[in-house]
Amino acid sequence: MSYAILGESGTALINILFLGILFVVALAIARLRSLFAIVMLSGVYSLVSAAWYILLDAVDVGFTEAAVGAGMSTAVLLGAMLLTARTAKPEKPLTRIGPFLVCFLTGLMLVYGTIDLPALGDPQSPANAGVGLTYLQINWYDMGVPNVVTSVLASYRGFDTLGETAVVFTAGLAVALLLGFGERSLAETLKNAPKPPKPRNGGEAP
């Protein structure tokens, strides 16, 4: 019994540690003006979030966050940063009131929406009835994975997950092409390259 209590306490402390790191990184992102530092801290935020998701046995969400959030998104943002200034312009204090009100009202609406959600462990909830109940019953014997969502995404509907992965890869590739990687970047390099001197008196260029 004591080992179980210590294990739960240790898990709770790790959760608090991860949440504290996320809070500090979010504050740093909000206060910085260097776009490079903001992009790097955004990648750190995604990596810490991925580690926290894995701690909560949401392996599929953690891998997605690490690949898309910390990997592809960071690369795309760095590419976009090459086409703009490196430092954000200072904002007036009054201009922050509007975004703050939008975030605050959105948070209130989300909290209000949780009132209609079923209680945790409610046997009559949609997640615990129908096909969801079947997954809960056969998941451990089929997969041996404690997180049912991971088993559903990786195995029971693996082809759908493969399609989603292809869509995300295609979207990232399209954004990279729009930012000027590939042929457009090569064309700009060739256009800006110094031209060879013209030959004189009809002779060949040296």
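## A short note on the packing of helix H5 (residues 131–142) against helix H6 (residues 148–156)
Working step 1: It is at 10 Å that the axes of H5 and H6 come closest, and there the two elements cross at 70°. Regarding the angle of H5 to H6, the classification is roughly perpendicular. Seen from H5, the contacting residues are Tyr135, Leu136, Ile138, Asn139 and Asp142; seen from H6, they are Val148, Ser151, Val152 and Tyr156.
Working step 2: For the contact of H5 with H6, the residue count by class is 6 nonpolar, 2 polar and 1 charged.

## Concerning the packing of helix H2 (residues 35–55) against helix H3 (residues 59–81)
Working step 1: In the contact formed by H2 and H3, the axes pass within 7 Å of each other and the chain directions differ by 175°. Judged by the angle between their axes, H2 and H3 are roughly antiparallel. Counted together, Leu35, Phe36, Val39, Met40, Gly43, Ser46, Leu47, Ser49, Ala50, Tyr53 and Ile54 of H2 and Val59, Val61, Gly62, Phe63, Glu65, Ala66, Gly69, Ala70, Thr74, Leu77, Leu78 and Met81 of H3 form the full contact between these two elements.
Working step 2: Residues belonging to the contact of H2 with H3 are distributed by class as follows: 16 nonpolar, 6 polar and 1 charged.

## Digging into H5
Working step 1: Compared with the 16 Å implied by 1.5 Å per residue over 12 residues, the 15 Å span of H5 between its first and last C-alpha is a close match.
Working step 2: One or two residues past the end of H5 sits Gly144, with phi positive at roughly 70°.

Calculation criteria
Residues numbered from 1 in each chain as written. Predicted model: local features only at pLDDT ≥ 70, side-chain atom pairs only at ≥ 80, totals over all residues. Heavy atoms only, no water. Axes fitted to C-alpha atoms, helices over the stretch in contact; angles between N-to-C directions. Helix = DSSP H or I, 4+ residues; strand = E, 2+ residues; numbered from the N terminus. Parallel < 35°, antiparallel > 145°, perpendicular 65-115°, else oblique. Contact = heavy atoms within 4.5 Å. Nonpolar A, V, L, I, M, F, W, Y, C, P; charged D, E, K, R; others polar. Expected span 1.5 Å × (residues − 1).

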